[in-house]
Amino acid sequence: MNPLAAPNHKEEFKLKDTKPQLGERWPHGGPRGGGGWISSERATSTYDLVEQMFYLYVRVVKAKDLPTNPVTGSCDPYVEVKVGNYKGTTKHFEKKTNPEWNKVFAFSKEKIQSSIVEVFVREKEMVGRDDYIGKVVFDMHEVPTRVPPDSPLAPQWYRLEDRRGDSKVKGEVMVAVWMGTQADEAFPEAIHSDAASLEGEGVFSVRSKVYVSPKLWYLRVNVIEAQDVEPDDKSSLPQAFVKAQVGHQVLKTKLCPTPTINPMWNEDLIFVAAEPFEEQLVLTVENKVSPAKDEVMGRINLPLHIFERRLDHRPVHSKWFNLEKFGFGALEGDRRHEHKFSSRVHLRVCLEGAYHVLDESTLYISDTRPTARQLWKHPIGILEVGILSAQGLLPMKTKDGKGTTDAYCVAKYGLKWVRTRTIIGSFNPKWNEQYTWEVYDPCTVITLGVFDNRHLGGNEKPAAGGGTRVDSRIGKVRIRLSTLETDKIYTHSYPLLVLQPSGLKKMGEVQLAVRFTCLSLANMIYLYGHPLLPKMHYLHPFTVNQLDSLRYQAMNIVAVRLGRAEPPLRKEVVEYMLDVDSHMWSMRRSKANFFRIVSLFSGVITISKWLGEVCKWKNPVTTVLVHVLFFILICYPELILPTIFLYMFLIGIWNYRLRPRHPPHMDTKLSWAEAVHPDELDEEFDTFPTSKQQDVVKMRYDRLRSVAGRIQTVVGDMATQGERFQALLSWRDPRATSLFVLICLIAAVALYITPFKIIALITGLFWLRHPRFRSKMPSVPNNFFRRLPSRADSML
């Protein structure tokens, strides 16, 4: 046992129920829609899953007729908005008496201790203090309240006053001041009072944003053959292969088995490409001169948009492409740059639109739609998530000698990523932001991560002493939609758990409100009998190695594209959300998967023990009843199957009382994170390849980890299958269990009515049916089973 895992941690690592005050409320008390002159069953606002936060908004639009400085003869104005101890400043303009700023400042109402709002217009000076031009003062009690969907408050011109406020001075400023909530249109772009000191990049990196993953395609390049390829050495036949490159992805065909100038390969090379297609397909036909030397015999660059987009498995027409051959050598002079079309290559290339490009693990998949939009079905539900707050976050870095954390939350579901605003210098940040996603499949997972922002432009230093500017992981939460009841609001506080080289650490808690609304129950039930992924994944599947490689390439493309947004969603954030390192070997994970299987077999062991007790007559009454049942089933074998189904129906109904009341979360005991040995942690956080000294040990150690990683995956898959059997009657997925219990009842009744011999005959004939009557697509029971949730969702 790890001494770091204290007994009192067990409660800390569990989910907690919370009772937040959700929904909009009128500024002076009372819930909106809860009586009075507006009443409805459900608040019409889109902000009904978050706690309402009031803000004082000050919009500074522009100024006019500002006086010039008598010394310099010019005016370099800027505006300072001050509310008590908080202030915000606009940028200054050089030599401009009619500047336009159009900036909005937001001051949290709970932090305001002043009764007035002061808007100062000042002039920037190079030396000494700033010059005062004039001010406008607003009484907090007179500030109007705006409740969306009211139109925005119109800004007005105000004459500037002198320092004492006794008389007016030259110049006017256009300002609007109102009290609103985070539902206000001005909220996303507002400069918050706690972030007013930031400059440059930091101003943009604290705002909330929505990102969209790039549209990914699989590019299938079928290299058929080449003709008339010429090596530099004309006396020998080339042993050719083709190298294809798209961006940073490079794949090669096998060597043509016989040396010839007309080589044949007929090999498929699969790449991942993202719209808009910026990269080209670069093909080179090369000759294997020696094990260490390859000679280029011809090349061609092809833009990706010229290729056909395939929406099914119908074959694509092949084409011949002329290869460009470059001459080399000093004697040829300027002819080196001329193209010689001496050979050509035969290709069949298409962009696959009927596959779903996997950029995340299938265990935690959040989207199953094919690439081509024409193949999308209608959404079956709406997912709404209110990201409320976090509590008890640990200091992630030091600033001015004190520990601090600048936390933000990222949520990923389908193609849509959301990022909340960064709350600066708070261990208990309150975001209260709500986001919505369309749901196309209930058997999907939303992932939320909390991070510390290291890109605010200050003098922050990591608390651990490292000097890298990388956003730190605070923790992650996964929620499987099929485990949620429809139209129910789940409000829980999730512990943020991170495994570190020193052991498992709780970094704080994040409070969420989640609601899954069903748009079409019939469509949802219909989906349970269909494959999770588009049908092309089953008609023309990829190999396991191809899937691993393609997923890695897809993750890289998504990370690069989101890193180019403004503000960027950084690579370390995207990789953590997509579980980039989940395939690495870990003694802890292997042990956890082994004990998942052991716990599954414990039920079988319990039944065998019970049968042993029956045989030993430990309880005579039970043994006599088993004898009676045994004789009945021997005399009437047709009762065996309906009795089993009836028992499962009754067990399912009985287990309804014990159904889980909250979404599953990271289970530290299941993950063996509490009792992990320090040496195993050292191995888990070791680099790959290992950083050990001896060369032989390094080679063997890496090989062991690679093989053991595959074994770990297989063991985990076995555990997943067994846990799906348990999920049939456990009500973890309420709709799936309801369907199965209903099917059990229908099957029990049908099997009671139908003679057993007919059932046995039909079953045998169906099992022995001819291949032409078999489909490549998985059967309905198989599809239903694959959609059932497993405890993999709770694995850390």
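Residues numbered from 1 in each chain as written. Predicted model: local features only at pLDDT ≥ 70, side-chain atom pairs only at ≥ 80, totals over all residues. Heavy atoms only, no water.

Turning our eyes to something else, we now look at the UniProt feature "transmembrane region" (unreviewed entry) in the protein. Taken from the UniProt record, the annotation "transmembrane region" (unreviewed entry) applies to residues 512-529, 594-612, 624-656 and 739-768. Taken end to end, residues 512-529 is 39% helix and 39% strand, and its two terminal C-alpha atoms sit 31 Å from one another. (UniProt positions renumbered as here; feature names shortened; annotations may be inferred. Helix = DSSP H or I, 4+ residues; strand = E, 2+ residues; numbered from the N terminus.)

Within the open sheet, the five strands sit side by side as S1-S32-S33-S23-S28. Their pairing is antiparallel. Sheet topology places strand S1 (16-17) and strand S28 (430-439) at the edges, where each strand pairs with a single neighbour. (Pairing = 2+ DSSP bridges.)

For the rest of this paragraph, the subject is the packing of aromatic side chains. Given two aromatic rings, their pairing is described by the distance between the two centres and the angle made by the two planes. A full pass over the atoms with the stated rule returns 17 aromatic pairs. On the numbers, 6.3 Å between centres and 65° between planes, the contact of Phe120 with Tyr132 is edge-to-face. You can see Phe120 sitting in strand S8 (residues 116-123) and its partner Tyr132 sitting in strand S9 (residues 131-139), a full twelve residues away along the chain. The buried category is assigned to Tyr132, whose relative accessible area is 16%. Between Tyr656 and Trp731 the ring centres are 4.8 Å apart and the planes differ by 75°, which places this aromatic pair in the edge-to-face class. (Phe/Tyr/Trp six-rings, centres within 6.5 Å; stacked < 30°, edge-to-face > 60°. Buried < 20%, exposed > 50% of the residue type's maximum accessible area, 1.4 Å probe, protein only.)

When its volume is computed, the second largest pocket comes out at roughly 700 Å³. What lines the second largest pocket is a set of 25 residues, among which Pro370, Leu375, Lys377, Leu527 and Pro534 lie closest to the centre. In terms of residues, the lining of the second largest pocket owes the most to one element, helix H3 (residues 521-527), which gives three residues. Its residues placed into classes, the lining of the second largest pocket shows 15 nonpolar, four polar and six charged. (1 Å grid on protein atoms, 1.4 Å probe; cavity = no way out; pocket = protein on both sides within 12 Å on 5 of 7 lines; lining within 4 Å. Points joined across faces, edges and corners; volume = space filled by probe spheres on them. Nonpolar A, V, L, I, M, F, W, Y, C, P; charged D, E, K, R; others polar.)

Let us now look at empty space enclosed by the protein. Within the structure shown, the criterion is met by four cavities of 30 Å³ or more. Volume-wise, the second largest cavity comes out at about 70 Å³. Thr483, Glu485, Tyr490, Arg659, Pro660, Arg661, His662, Trp731, Arg732 and Pro734 together form the lining of the second largest cavity. In terms of residue class, the lining of the second largest cavity is built from four nonpolar, two polar and four charged.

Glycine aside, negative phi is the norm for most residues, and most peptide bonds take the trans geometry. Going from Glu275 to Pro276, the amide bond is cis rather than trans, its omega being -10°. Position of Pro276 among the secondary structure elements: in the loop between strand S17 (264-274) and strand S18 (280-290). Geometrically, the link from Glu566 to Pro567 is a cis peptide bond, its omega value of 0° lying close to zero. Take Pro567: it is sitting in the loop between helix H5 (544-563) and helix H6 (571-577). Residue Asp228 is not a glycine yet carries a positive backbone phi of 55°. Among the secondary structure elements, Asp228 is positioned in the loop between strand S14 (216-227) and strand S15 (240-246). Unlike most non-glycine residues, Trp731 shows phi in positive territory, near 60°. Its place among the elements puts Trp731 in the loop between helix H11 (695-727) and helix H12 (734-753).

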